[in-house]
Every structure is written in C-alpha cells, then in structure tokens.
Amino acid sequence: MLKENPYTLTELNLIGFLKADEIAKRIGTIPTSGYRIEACLKYVLHNSCFQSGHTYMVEEQLLEEATKALNHNAYGEDAISAEELENSIMNMDGKSIVMEDKCVYPSFLYHHEQNLAWKLSRMKSAQDGISTPYLEKQIDKYQKKHGIILASEQRKAIQELLTRQLLILTGGPGTGKTTVIRTMINIYEQLFSNHRIRLVAPTGKASRKLAEVTGKEASTIHRLIGYRQGEIPEYHQDNKLPCDLLIIDEMSMVDVSLANNLMQALNKNTKVLFVGDTDQLPSVGPGNVLRDMIQAGLPAIKLTEVFRQAQESQIIRNAHRVNQGKFIVFDKEKDDFYFLVQQYPKKIAELLVRGASRFHELGYDLSDILVLSPMRKGPVGTEILNGMLRDKLNPSGATKQEWTIGKNLFRLGDKVIQIKNNYDKQIFNGDMGVITGFRKTTDDDGNAIDVMVVDYFGKEIIYTKTETKELNLGYAITIHKAQGGEAPIVLIPATTSHYMMLARNLMYTAMTRAKEKMVVIGTEKALNTAVANNQIMKRNSRLAERINKYTNSYEPAQREDDIWEYGNV
C-alpha cells in the first residue's frame with residue numbers, strides 16, 4: 001500500500017508532506033500522481049489553518065500555494081496544471097475538504113464551525129422568566145451583605161445573564177469582571193439552590209486562576225467534557241453534561257473545535273456566560289470565536305469603567321494606555337512598573353536574568369516570576385533566555401540529579417512547561433511545573449525504568465525519558481504560552497531585533513499577566529513601535545455570518561450530528 005501511495009503516512013501523522021514527497025520520489029511515484037496532488041492540497045490547507053488561525057482558505061490562494069509546492073522543481077510534463085489541481089479539489093469535496101462559495105475548508109473545521117453557529121443561533125434570543133424588579137432586589141441585597149456598590153455596567157451584566165440564556169462579558173483589567181462573576185454565582189445560587197454550576201477555562205493555569213478568584217472549583221474544558229484526541233468526548237450531543245449554569249473564562253483562547261465540542265455537550269436550557277478580552281491574543285488553533293460571536297450580535301456587555309483601586313496600579317493604567325494606542329507613562333513615586341533602557345539585545349538578556357535573580361533573592365518563588373518574550377529564537381528569545389536563567393537560578397551541583405536526553409537537559413528543581421496536550425495524564429499545553437525528583441519504578445510489564453517527577457501545583461506527574469519530549473524549560477516562555485495565566489512578577493524585552501513581533505496586542509497581553517510588578521527592558525523606539533502597531537492579521541472565518549444566517553431558520557444545511565462522522569480533531 002505504501003509503495004502505491006506513500007502519502008498515506010501523512011494521514012497517519014507519521015511524517016509531513018515534504019518528507020513523504022522525498023520518499024515518493026525515491027520509490028518512483030510519478031510527479032503527476034493524484035495521490036501526490038491531494039496530499040499537497042491537504043498539507044497546504046492544514047498549514048494555513050493551523051499556523052494562521054483560519055478555518056478555510058480562499059480557493060485561488062490554495063491553488064497558488066499548492067502549485068508552488070508541487071512545481072518547485074518540475075518542468076514540462078512533470079508540472080501540475082491548474083486544471084489538474086481543480087479536478088483534485090472537486091474529487092476531494094465532501095470527503096476530506098468542503099467547498100463553499102470559493103472557500104475551501106478541511107471537513108472537520110467546516111462542520112465544527114457550522115454546528116457551533118447552529119447551536120449559538122438557537123441560544124441567541126432565548127429568554128428566561130425572571131423579572132427585572134426581582135433581580136434588582138437580589139442585587140441590592142448582595143451589595144448590602146458584602147459592603148460593595150456595583151457600577152451600572154456590572155448590574156446590567158448580572159441582569160442580562162439571569163434573564164437570558166447566553167451572555168458575553170468582556171472588559172480590560174481593573175473593570176470588575178471578577179466581581180461580576182462572583183456576584184452572578186452568588187445570586188444564581190440564592191435563586192436556584194439545587195442547580196449545578198460549572199466553571200471552566202481553556203488551560204490549567206487559567207482554570208486555577210478562575211478557582212482562586214471565585215472560591216469555586218474550576219477545571220479545563222477538556223477535563224469537563226472528557227475530551228481525548230481523536231475520540232468523541234464523554235459528554236456530547238447524545239450524552240449531555242449535567243450543568244445548569246456554565247461560566248467559561250479566557251474565551252479569547254478557545255478555538256472553533258473546542259468551542260463546538262463544549263457547546264454540543266450542553267442541554268438546551270443551560271445558561272452560558274462567556275468571559276474574555278477581545279484585545280488579547282486570539283486562540284492558537286483555528287477560528288476567532290469570541291470576536292465572531294460579538295460580531296454576530298450575540299448578547300454582550302463590555303465593562304469599560306476602570307475602578308479607583310485599579311487606577312492606582314501603573315500596570316493596569318499602562319495596559320489600558322497601550323490598548324488605546326497611547327504611549328506608556330511612568331510614575332517614579334510608585335514601584336510597580338519599571339522601564340530599563342538598554343539598546344543591545346545581549347545586554348537586555350543579561351538584565352532580564354539579573355532582574356529575575358534579584359526578585360528570587362527577595363523571596364519570590366520561581367512560579368512567581370514570568371520572563372516573557374515574543375519569540376523563541378534570537379538573542380532575547382526564550383531558548384537562549386532559558387539556558388541563561390537556569391544557569392543563574394538553578395545551577396548544577398553535586399547533589400542535583402540530571403537527565404540528558406539528546407540535546408535537552410533536565411535538572412532537579414528546573415521550571416518546566418508542558419508543550420503538548422496529554423489527555424492520559426490530564427496535563428495540557430501551557431501547564432507549568434517544577435521537577436521534584438528522579439526515581440526508578442516498574443512499567444506495565446514489570447521492567448525497571450527511570451522516571452522523572454514534575455509537580456504541577458500539588459499534582460505530581462510522572463514522565464519516562466521518551467515522554468520528556470513533551471516538556472521544555474519554563475524559566476522563559478512566549479507571550480502566547482503565558483496567556484490565561486498571571487504571576488506577581490513579569491519581565492519582558494522590548495527590542496527591534498524582534499521587529500516583526502512588535503505588536504500592540506502582544507504587549508497588552510504581556511502586561512496583563514503581571515499582578516504586582518512589571519519590568520520592561522529595552523528601547524523606547526521598540527516599545528513605542530509595539531504600541532503604535534495595531535495591525536492584526538485577519539482570520540478567515542464565517543462563524544459570525546453563519547450565526548446570523550441560522551438565527552431565524554430551523555434547519556442548517558447539515559444536521560448537528562454530522563460532526564461525529566468526521567471526528568474531533
């Protein structure tokens with residue numbers, strides 16, 4: 001079978017298209033093979049969706065990029081024609097891809113987007129029977145009991161959720177989103193004491209933060225619905241999640257596939273509160289769900305008032321200034337925001353390490369300190385910074401065990417980050433922990449094996465040597481990886497050596513990770529360039545369009561259960 005079609009290996013995720021193409025060439029597969037053309041189309045489409053966050057590609061662009069990939073060393077009869085590519089797309093349509101109005105989707109993304117739109121359209125106008133005057137009394141009672149006064153926007157948000165089935169709550173730091181969530185939960189519990197409330201977030205650190213600020217149990221979305229890669233989740237459209245009120249935090253991080261899996265698991269009467277900040281980075285995976293839902297006109301409240309206590313924080317004030325395209329201001333009377341001027345990237349890296357070390361000496365744990373960079377490579381990228389920070393904060397010693405696996409070294413006491421979802425261990429991409437030990441144990445066959453122990457906020461996870469490929473050092477991480485989490489101390493570089501990554505939403509996201517102190521090291525030119533650059537790459541998505549299309553209809557083009565036919569990718 002492989003001799004006939006070596007590109008089958010790409011479908012098994014064993015190798016990529018370019019490697020399969022090399023194998024095909026060696027075994028004599030003709031350049032104009034239909035297998036080759038289809039594999040290339042899938043490769044280009046998948047790369048576009050998962051590297052740029054699109055749910056589809058415009059057909060013309062797909063043809064152009066596939067032609068380049070197929071014909072880069074081809075001449076004459078070996079070159080693939082536009083007609084052959086178009087014929088392959090027609091043959092694939094309805095199988096691995098879906099064509100719609102000159103838009104080409106991977107099938108699974110098409111059905112996720114379509115079914116999510118259908119579900120949200122059904123919830124868009126749904127109303128509850130609770131009267132506003134009664135809610136006003138409950139809100140007044142809560143204020144009196146807790147000695148607080150809610151702003152008008154906050155009161156409106158609480159009323160909207162309790163009179164609707166669905167609400168989106170957005171707002172920047174210091175606008176009181178957490179207060180609204182706590183008040184909503186409290187009043188809902190008073191009104192419906194026997195109802196089940198679930199709190200979720202897309203990552204482990206975001207769910208821990210949600211639990212911390214609400215005083216309620218919270219979990220990841222994956223854990224809540226029992227999601228495992230390539231399988232139907234435990235809770236889905238035919239086995240509904242027992243839940244009456246669902247609160248989803250950090251919704252900007254949720255991609256279209258995960259959003260759909262979650263929404264399909266809900267009963268038709270489950271209330272949903274989506275909480276997020278549209279000005280932060282969008283999801284790593286395909287789609288722009290939070291922004292699309294707001295664009296579609298789903299009920300939404302945006303909190304804009306920054307409260308007096310929050311206004312005292314330079315971190316919050318400057319985060320809002322950055323978000324508005326205004327340059328950062330510094331108050332030397334306060335000690336929560338520092339800008340150290342340094343032009344040379346190598347010196348910037350050294351200052352970041354010295355800064356992290358100083359905070360560590362002052363009593364902050366490794367988990368309290370986040371060193372963030374917009375990139376992995378380069379003189380102030382996470383790869384170089386991780387080595388420098390480890391040497392300073394956790395140097396080698398005679399009593400410290402180490403594992404060297406290929407080019408990677410893991411040391412007792414190292415701060416590490418999980419870089420891949422592991423559903424068996426229930427540890428997810430972005431979770432951070434500390435190596436606490438190395439020991440011997442036995443595997444399922446009774447053989448002695450070496451394992452490494454990583455502590456994730458009290459949860460011990462065991463790794464074999466082969467499993468450590470899922471880990472990176474976590475002393476310095478990218479801003480993308482930090483989203484959803486917070487730390488008392490955040491340090492970031494601002495240098496034109498990262499010119500392509502100097503963007504407002506990256507700077508804003510980095511700043512909103514800091515709870516106590518923010519340190520920026522670099523040049524004013526780099527910092528001001530980032531603030532001025534509000535160019536956000538548009539993501540191809542038709543979710544908003546579909547929600548509006550389905551709102552007044554009873555049947556979408558495909559039934560909701562189509563998604564299970566195509567799997568959960």
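Residues numbered from 1 in each chain as written. Predicted model: local features only at pLDDT ≥ 70, side-chain atom pairs only at ≥ 80, totals over all residues. Heavy atoms only, no water.

Asker: How should the overall build of the chain be read in this particular structure?
Answerer: Counting its secondary structure elements, the chain contains 22 helices and 21 strands. In summary, the chain has a C-alpha radius of gyration of 25 Å against a globular reference of 25 Å for 569 residues, a match within 12%. Taking the contacts inside the chain whose residues are at least 6 apart along the sequence as the reference set, 72% of them involve residues at least 24 apart. If you sum the accessible surface of the chain, you get close to 26800 Å²; carbon and sulfur atoms cover 48% of it. Separation of charge centres in the chain, based on 71 positive and 69 negative side chains, amounts to 6 Å. (Helix = DSSP H or I, 4+ residues; strand = E, 2+ residues; numbered from the N terminus. Rg over C-alpha atoms; globule rule 2.2 N^0.38 Å. Contact = heavy atoms within 4.5 Å. Areas by Shrake-Rupley, 256 points an atom, 1.4 Å probe, with all protein chains shown as cover. Lys, Arg positive; Asp, Glu negative; His and termini not counted. Charge placed at Lys NZ, Arg CZ, Asp CG, Glu CD.)

Asker: Quick question: what am I supposed to make of the pattern of salt bridges here?
Answerer: A side chain of one charge can pair with a side chain of the opposite charge if their charged atoms are brought near each other. Tallied over the full model, the rule gives 25 salt bridges. Residue K209 is joined to E250 by a salt bridge in which the shortest nitrogen-to-oxygen separation is 3.0 Å. In this pair, K209 is assigned in helix α10 (residues 204-214) and E250 in the loop between β7 (245-248) and α12 (256-264), connecting sequence segments 41 residues apart. Relative accessible area serves as the criterion here: at 17%, K209 is assigned to the buried category. Classification of E250 as buried rests on a relative accessible area of 7%. Residues D414 and R390 are paired through a salt bridge, measuring 2.5 Å at the closest nitrogen-oxygen approach. Of this pair, D414 sits in the loop between β13 (408-411) and β14 (415-418) while R390 sits in helix α17 (residues 382-393), placing them 24 residues apart in sequence. Overlapping salt bridges, with partners in common, bring together E100, D101, E113, R542, E545 and R546 in one network. (Salt bridge = Lys/Arg side-chain N within 4 Å of Asp/Glu carboxyl O. Buried < 20%, exposed > 50% of the residue type's maximum accessible area, 1.4 Å probe, protein only.)

Asker: Even after reading the chapter, I still don't get the nonpolar core, so can you show me in this structure?
Answerer: Note that soluble globular proteins tend to have their nonpolar side chains buried in a common cluster. In this structure, L120, I248, M251, F274 and M293 are the most contacted members of the largest nonpolar core, which totals 64 residues. Of the domains in this structure, domain 1 (7-101) and domain 2 (112-305 + 540-551) are the two that each give at least three residues to this core. Setting aside anything within four residues of it in sequence, one finds I248 in contact with V200, I221, L262, V272, L273, F274 and V275. Among the nonpolar cores identified, the runner-up in size contains 32 residues, and L281, A319, A482 and A494 belong to it. (Core = buried A, V, L, I, M, F, W, Y, C linked by side-chain atoms within 4.5 Å. Domains from an automatic or database assignment.)

Asker: Help me understand helix α4 (residues 59-70), please; the structure alone is not making it clear to me.
Answerer: Counting along an α-helix, one turn takes 3.6 residues, and residues three or four places apart therefore face a common direction. For α4, built from 12 residues, the straight-helix expectation of 16 Å at 1.5 Å per residue is met to within 8% by its first-to-last C-alpha distance of 16 Å. Check the buried side of α4 and you find it contacts α2 (17-26), α3 (34-52), β1 (57-58), α5 (82-92), β2 (97-100) and β3 (103-106). (Expected span 1.5 Å × (residues − 1).)

Asker: Just to check I follow, could you spell out a positive patch on the surface for this structure?
Answerer: Residues K346, K347, R354 and K392 make up a contiguous surface patch of positive charge. If one sorts the elements of the positive patch by residue count, helix α16 (residues 345-361) sits on top with 3 residues. (Patch = residues over 30% accessible without salt bridge, like charges linked within 9 Å, V, L, I, M, F, W, Y side chains within 5 Å.)

Asker: Looking at this structure, I do not really get the sheet that holds β3. What am I missing?
Answerer: Two strands in a sheet stick together by hydrogen bonds in their backbones, pointing the same way (parallel) or opposite ways (antiparallel). An order of β1-β3-β2 is seen for the 3 strands of this open sheet, with the pairing classed as antiparallel. Only two strands of the sheet have a single neighbouring strand rather than two, namely β1 and β2. The pairing of β1 with β3 spans 2 bridges and is classified as antiparallel. Residue pairing in the sheet places M57 in a bridge with V104 of β3. (Pairing = 2+ DSSP bridges.)

Asker: Where do I start with the environment of D331 in this structure?
Answerer: Position of D331 among the secondary structure elements: in the loop between α15 (314-323) and β10 (337-341). Side-chain polar atoms of D331 contact the backbone nitrogen of E333, separated by 2.9 Å. (Polar contact = N/O pair within 3.5 Å; in protein donor to acceptor, adjacent residues only side chain to side chain.)

Asker: What exactly am I supposed to notice about the environment of M507 here?
Answerer: Examined against the element boundaries, M507 turns out to sit in helix α19 (residues 504-511). Spatially, the C-alpha atoms of M507 and K271 are 34 Å apart, while their sequence positions differ by 236 residues.

Asker: Just to check I follow, could you spell out the domain arrangement of the chain for this structure?
Answerer: A common way to report how large an interface is uses the accessible area buried once the components associate. Assigned domains within the chain: domain 1 (7-101), domain 2 (112-305 + 540-551) and domain 3 (326-532). Measuring from the centre of the C-alpha atoms in domain 2 to the corresponding centre in domain 3 gives 30 Å. On the domain 3 side, the residues contacting the 23 residues of domain 2 number 27 residues. Both sides of the domain 2 and domain 3 interface together cover about 2000 Å² of buried area, and 50% of this is carbon and sulfur. Between domain 2 and domain 3 we count 1 salt bridge in total. Among the salt bridges present, the one from R228 reaches D424, with a minimum N-O distance of 2.8 Å. Counting the contacts that link domain 2 with domain 3 gives 13 residue pairs in polar contact (both at pLDDT 80 or more). Listed by contribution, the elements that provide at least two residues to the side of domain 2 that touches domain 3 are α10 and α11 (221-225). The element best represented in the side of domain 2 that touches domain 3 is α10, accounting for 6 residues. Among the residues forming the side of domain 2 that touches domain 3, the class breakdown is 6 nonpolar, 8 polar and 9 charged. (Buried area = accessible area lost by both parts, 1.4 Å probe. Nonpolar A, V, L, I, M, F, W, Y, C, P; charged D, E, K, R; others polar.)

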